[in-house]
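# Close look at the chain arrangement
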Amino acid sequence: MKPYLKAYLTGMAALLVFSCGKEDVKPEPEAEPLILKAEKGVVPVTINEDGNEATIEFDTQKSFAVVDVETALKWEFTTDASAEEWCSVEYLGDGLKIAVATNNTSELRQTRIAITNSGEEKAAINISQKGVVGETEFIISQNEVDIPDNGGSIVLHVMTNLESWTAETTSEASWLTVTSDAVNNTITLSAKENSDSDAKKVILKVKGLKNDQEIVAKEIPITLWEPSLVFEYTTTSNNTKITLPLYGELDLKISWGDTKEFSYIPVKATIKSTEDMKNSLSHDYETPGTYTVRIQGAIQGLVGLTPDTSSPLKQSNLTAIRSWGCNKYKIIYYAFASSQIETLPTDKYAAFSNLVGGEWMFAYCTSLKAVTSGLFTHMTKTQNFDNTFNECSKLESVPEDLFATNTKVTSFASCFCGTNLTAVPASLFSSCPDVESFSFTFSDCPKLTSVPRNLFEKNTKVTNFRSTFEKTGLTSIPEDIFATCPLVTTFNSVLWKSKITAVPAGLFRNNPLVTDFSQAFNSTLITSLPSGLFTNNPEAVNFQSLCYKCTSLETIPAGLFDKCTKATSFNQVFNGCLALKAIPAGLFDKCPLVTNLEKAFKDCKAIVSIPKGLLRPCAAAQSFEYVFSGCEALTTIPEDLFPASGINFDYAFSRCKALTIIPTGLFSENLAATSFYGTFENCVLLEGESPYSVIDGEKVHLYDRDGTKRGFAKAIGSRCFYKCTGLTDYSTMPSDWK
């Protein structure tokens with residue numbers, strides 16, 4: 001109930017117990033206003049201009065209305081005891097619910113409810129109910145009947161002065177059984193569950209005899225709802241509010257499932273934000289229990305994350321979805337975040353047939369354990385399933401035909417990211433020939449230890465395998481898993497932080513267009529790389545962090561990058577490979593376009609030596625920052641290591657604690673070099689003289705490059721030789737260089 005008036009009226013509510021309610025709050029000053037408010041409902045409700053008098057006029061049928069009392073005052077209400085038999089009042093905390101029974105008499109019923117503060121009347125509600133008029137021989141307790149799609153029985157009460165009467169439908173209705181009881185004056189309507197996609201309608205005709213002539217009392221429309229959208233909510237505490245994740249232009253009947261007899265509330269609203277949902281689609285359940293909510297009517301979408309919020313609407317009390325109904329949804333997006341649903345029903349009535357995207361449909365359904373076959377059968381227009389089950393952390397399995405009819409899908413990006421899948425059916429994607437992206441599809445699936453070799457056999461148009469198996473539990477990868485995907489351009493992070501221990505030699509054999517292998521094996525458990533791994537990848541450009549933190553990697557094959565003549569980046573390519581003992585000679589000989597080798601062998605703590613001319617072919621590279629930093633076992637450096645293009649050597653050999661000597665001509669060709677920050681920092685065993693060049697018979701050390709020496713740029717080298725006290729020229733160096 002909001003702090004302002006909202007009156008909901010229905011002709012289907014059960015009678016409520018007549019009572020007197022009080023609000024137990026501290027008295028407020030007399031100046032505090034007390035105002036009644038209402039919105040127009042099915043039964044006329046009128047509030048005067050001063051807001052202190054409401055008038056409700058009921059028809060002969062049982063019904064109810066809700067009137068809010070807007071005030072901070074302590075208030076109570078009193079009623080006329082003589083009206084208890086036909087009128088009941090329920091205290092709602094911030095308003096009153098007034099219910100009337102059917103009036104079978106010809107008398108006009110009237111009563112008055114006084115709302116008082118400290119004994120003084122502040123407002124009043126005038127109630128009247130019409131009586132039977134004229135020559136009417138029949139009164140039926142309902143003028144029209146709605147039966148929920150799951151069927152069931154509804155009892156109509158008949159008031160008549162005729163000695164005999166009958167009730168029957170005006171046309172054949174095999175779904176409905178009509179039982180008349182003239183003794184007790186009741187009609188029982190028993191309907192079967194509606195298994196069709198349309199509502200069923202029929203007219204009930206009640207008739208009797210008077211003066212030997214047939215009297216038709218009334219024709220009552222009966223509607224068996226079309227299959228509804230059905231949610232199940234479970235509450236564990238009193239006064240729990242839930243909000244439905246419905247979106248767009250709505251014209252609905254909602255049965256909240258908390259009345260003894262079937263009843264519903266009409267809702268017509270435009271929902272564009274989470275706030276709209278909370279205002280129009282919220283309901284309070286007074287007591288703990290499990291409630292079935294049935295929703296009938298036009299719904300554009302099921303949405304839990306709207307542009308006005310940064311996090312999805314939480315559905316923590318939603319324990320089940322029983323039916324998707326017959327609506328043709330245009331969008332389903334983040335609708336069930338944080339719900340407790342464990343399974344999903346099939347889309348029996350093609351409610352998903354108009355969806356062109358399946359992105360984030362069931363994201364963050366953290367209790368979801370299984371998906372039923374046929375869930376996406378009617379999503380034949382859908383073009384992507386991006387993030388569909390993202391962070392469904394308990395989802396363990398999916399049926400092999402889950403995407404069997406989704407032939408237009410082009411992307412499964414992050415579809416199962418963060419799930420608990422233990423296996424993947426081999427034919428899961430076999431009906432989706434147009435897929436271009438499997439980016440992050442199985443990322444962060446720690447229980448997934450293996451995948452079938454033909455998983456992508458039919459996906460010949462794929463270009464993107466970025467992070468597909470990132471942070472999975474994979475211990476191995478089939479050699480031909482990518483064999484039928486010749487258009488792939490990226491394997492960026494494809495196996496990052498997986499548990500694989502070996503790389504098959506032919507893993508990328510049929511992928512000639514790949515440009516990006518960055519982080520492909522980052523933080524895996526591999527011990528070696530096979531010879532010829534990149535032989536058929538001539539377009540490869542990026543090998544950044546290829547084997548970053550592969551702490552078990554011991555060997556690199558010679559010629560590993562020989563066919564990758566377009567490569568430009570080897571940034572951190574073997575950074576953190578603690579067990580790597582040797583670098584093959586000529587590793588970069590065929591890579592003249594390389595521009596980035598920063599941290600390439602940083603923290604390779606087992607490397608003892610560097611091959612001659614290792615980096616010299618990389619004539620376009622300018623920065624060698626941290627390139628061998630932390631190589632604690634390194635004892636020697638070849639003099640011809642760097643190309644003349646190098647200008648940045650910051651921390652290039654810092655923390656090389658076993659290094660004993662620096663070739664004097666190491667940087668002689670690097671005339672344009674400007675930066676030597678910490679280059680040999682903490683190389684504590686260094687001996688001999690620091691690097692220098694001889695110009696016109698004069699030694700020019702790194703720290704002598706002040707911009708005035710012929711051919712040399714001005715160099716800066718703060719802490720370049722920090723703690724290198726064994727160098728013979730250490731004492732003569734400028735203080736900022738040591």
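All values reported here derive from a predicted model rather than from experimental measurement.

In terms of helices and strands, the chain carries one helix and 28 strands. Relative to a compact globule of 738 residues, whose C-alpha radius of gyration would be 27 Å, the chain shows 40 Å and is clearly more extended. Here the C-alpha coordinates of the chain stretch approximately 135 × 65 × 35 Å along the principal axes. Within the chain, contacts between residues separated by at least 24 positions form 76% of all contacts whose residues are at least 6 apart in sequence. Accessible surface, the chain: about 30,800 Å² in total, of which carbon and sulfur atoms supply 48%. Between the averaged position of the 65 positive side-chain charges in the chain and that of its 85 negative side-chain charges there is a distance of 8 Å.

Here the focus is the sheet that holds strand 1 (residues 35-37). Pairing is antiparallel across the open sheet formed by four strands, whose spatial order is 1-4-7-6. With one partner strand each, in any of the chains shown, strand 1 and strand 6 (87-91) form the two edges of the open sheet. Taken pair by pair, the neighbouring strands of this sheet meet at an average axis angle of 25 degrees, ignoring direction. Note: strand 1 against strand 4 (residues 63-70), three bridges, orientation antiparallel. By the bridge assignment for strand 4, I35 is matched with E70.

What follows is about the environment of L313. One can find L313 in the loop between strand 24 (301-303) and strand 25 (318-324). Separated by 113 residues in sequence, L313 and K200 place their C-alpha atoms 35 Å apart. Here L313 is in contact with T243, T274, M277, K278, G304 and A337, once residues within four sequence places are set aside.

The next thing to look at is the pattern of salt bridges. Taken as a whole and assessed by the stated rule, the structure comprises 20 salt bridges. Between R294 and D149 there is a salt bridge whose closest N-O contact spans 2.9 Å. Here the residue R294 occupies a position in strand 23 (residues 289-298), and D149 occupies one in the loop between strand 11 (145-147) and strand 12 (152-160), the gap between them amounting to 145 residues. For the pair R294 and D149, a shared accessibility class is recorded, and that class is buried. When the shortest N-O distance is used, the salt bridge between E669 and R616 registers 2.6 Å. On the criterion of sequence distance, the pair formed by E669 in the loop between strand 26 (331-333) and strand 27 (692-695) and R616 in the loop between strand 26 and strand 27 is long-range, its members being 53 residues apart. Given the relative accessible area of 44%, E669 is considered partly exposed. The partly exposed category is assigned to R616, whose relative accessible area is 32%. Overlapping salt bridges bring together K602, D603, K605, E632 and R655 as one network.

Looking now at the pairing of strand 4. The buried fraction of strand 4 is high, at seven of eight residues. With six bridges joining them, strand 4 and strand 7 (residues 95-100) adopt antiparallel strand pairing. Across the sheet, S63 pairs through a bridge with V100, a residue of strand 7.

On the basis of which strands lie adjacent, the open sheet formed by five strands has the order 2-3-9-8-5 and mixed pairing. Edge strands, defined here as strands with exactly one partner in the open sheet, are strand 2 (45-47) and strand 5 (76-78). Each neighbouring strand pair of the sheet contributes to a mean axis angle of 20 degrees, computed without reference to strand direction. The pairing of strand 2 with strand 3 (residues 53-58) spans three bridges and is antiparallel. Bridge pairing in strand 3 places T46 opposite T55.

One non-glycine residue, Y364, adopts positive backbone phi at about 65 degrees. Looking at the secondary structure, you find Y364 in the loop between strand 26 and strand 27.

Quick look at the pairing of strand 3 now. Here strand 3 shows a buried face lined by A54, I56 and F58 and an unburied face lined by E53, T55 and E57. Hairpin connection from strand 2 to strand 3: five residues lie between these consecutive antiparallel strands, with G51 at a positive phi of about 75 degrees. Looking at chain direction, strand 3 and strand 9 (residues 120-129) are connected through six bridges and run parallel. Bridge pairing in strand 9 links E53 to A124.

What follows concerns the packing of aromatic side chains. This model, assessed by the stated rule, comprises 71 aromatic pairs. Measuring from centroid to centroid gives 6.3 Å for F456 and F482, while their planes differ by 10 degrees, and the two rings are stacked. Note that F456 is positioned in the loop between strand 26 and strand 27 and F482 in the loop between strand 26 and strand 27, a separation of 26 residues in sequence. Seen in terms of ring centroids, F642 and F667 are 5.9 Å apart; in terms of plane orientation they differ by 15 degrees. Their pairing is stacked. In this pair, F642 is assigned in the loop between strand 26 and strand 27 and F667 in the loop between strand 26 and strand 27, connecting sequence segments 25 residues apart. Accessibility assignment for this pair places F642 and F667 in one class, buried. Against the face of Y626 rests K599, its NZ or CZ located 5.4 Å from the ring centre.

By size, the foremost hydrophobic cluster in this structure holds 154 residues, and its most contacted members are F389, F521, F574 and F680. Where this core is concerned, the elements lending two or more residues are strand 18 (229-235), strand 20 (246-255), strand 21 (265-271), strand 23, strand 24 and strand 25. F574 has contacts with L529, C547, L553, I556, L560, F561, L580, L587, A600, F601, K602 and C604, leaving out every residue within four places of it along the chain. Counting 25 residues, the second largest nonpolar core, distinct from the first, contains I56, F58, V67 and C87.

All right, on to the state of the cysteines then. Using the criterion set out here, one finds zero disulfides in the structure. C417 takes part in no disulfide bond, and the closest cysteine sulfur to it belongs to C445, at a distance of 6.9 Å. In this model C550 remains outside any disulfide bridge; the closest cysteine sulfur is found in C547, 4.5 Å from its own.

Counting all residues, the mean pLDDT for the chain is 90, and 93% of those residues have values of 70 or more. Across the chain, the element-wise mean pLDDT spans from 78 in strand 10 (residues 138-140) up to 97 in strand 18.

What follows concerns the environment of S476. Looking at where S476 falls in the secondary structure, it is placed in the loop between strand 26 and strand 27. When the C-alpha positions of S476 and A350 are compared, they lie 40 Å apart, and in sequence the two are 126 residues distant. When sequence neighbours within four positions are dropped, the list of residues in contact with S476 reads T449 and I500.

Cut-off values and rules
- Residues numbered from 1 in each chain as written.
- Predicted model: local features only at pLDDT ≥ 70, side-chain atom pairs only at ≥ 80, totals over all residues.
- Heavy atoms only, no water.
- Helix = DSSP H or I, 4+ residues; strand = E, 2+ residues; numbered from the N terminus.
- Rg over C-alpha atoms; globule rule 2.2 N^0.38 Å.
- Contact = heavy atoms within 4.5 Å.
- Areas by Shrake-Rupley, 256 points an atom, 1.4 Å probe, with all protein chains shown as cover.
- Lys, Arg positive; Asp, Glu negative; His and termini not counted.
- Charge placed at Lys NZ, Arg CZ, Asp CG, Glu CD.
- Pairing = 2+ DSSP bridges.
- Axes fitted to C-alpha atoms, helices over the stretch in contact; angles between N-to-C directions.
- Salt bridge = Lys/Arg side-chain N within 4 Å of Asp/Glu carboxyl O.
- Buried < 20%, exposed > 50% of the residue type's maximum accessible area, 1.4 Å probe, protein only.
- Phe/Tyr/Trp six-rings, centres within 6.5 Å; stacked < 30°, edge-to-face > 60°.
- Lys NZ or Arg CZ within 6 Å of the ring centre and 35° of its normal.
- Core = buried A, V, L, I, M, F, W, Y, C linked by side-chain atoms within 4.5 Å.
- Disulfide = S-S within 2.5 Å.
- pLDDT = per-residue confidence, 0-100.

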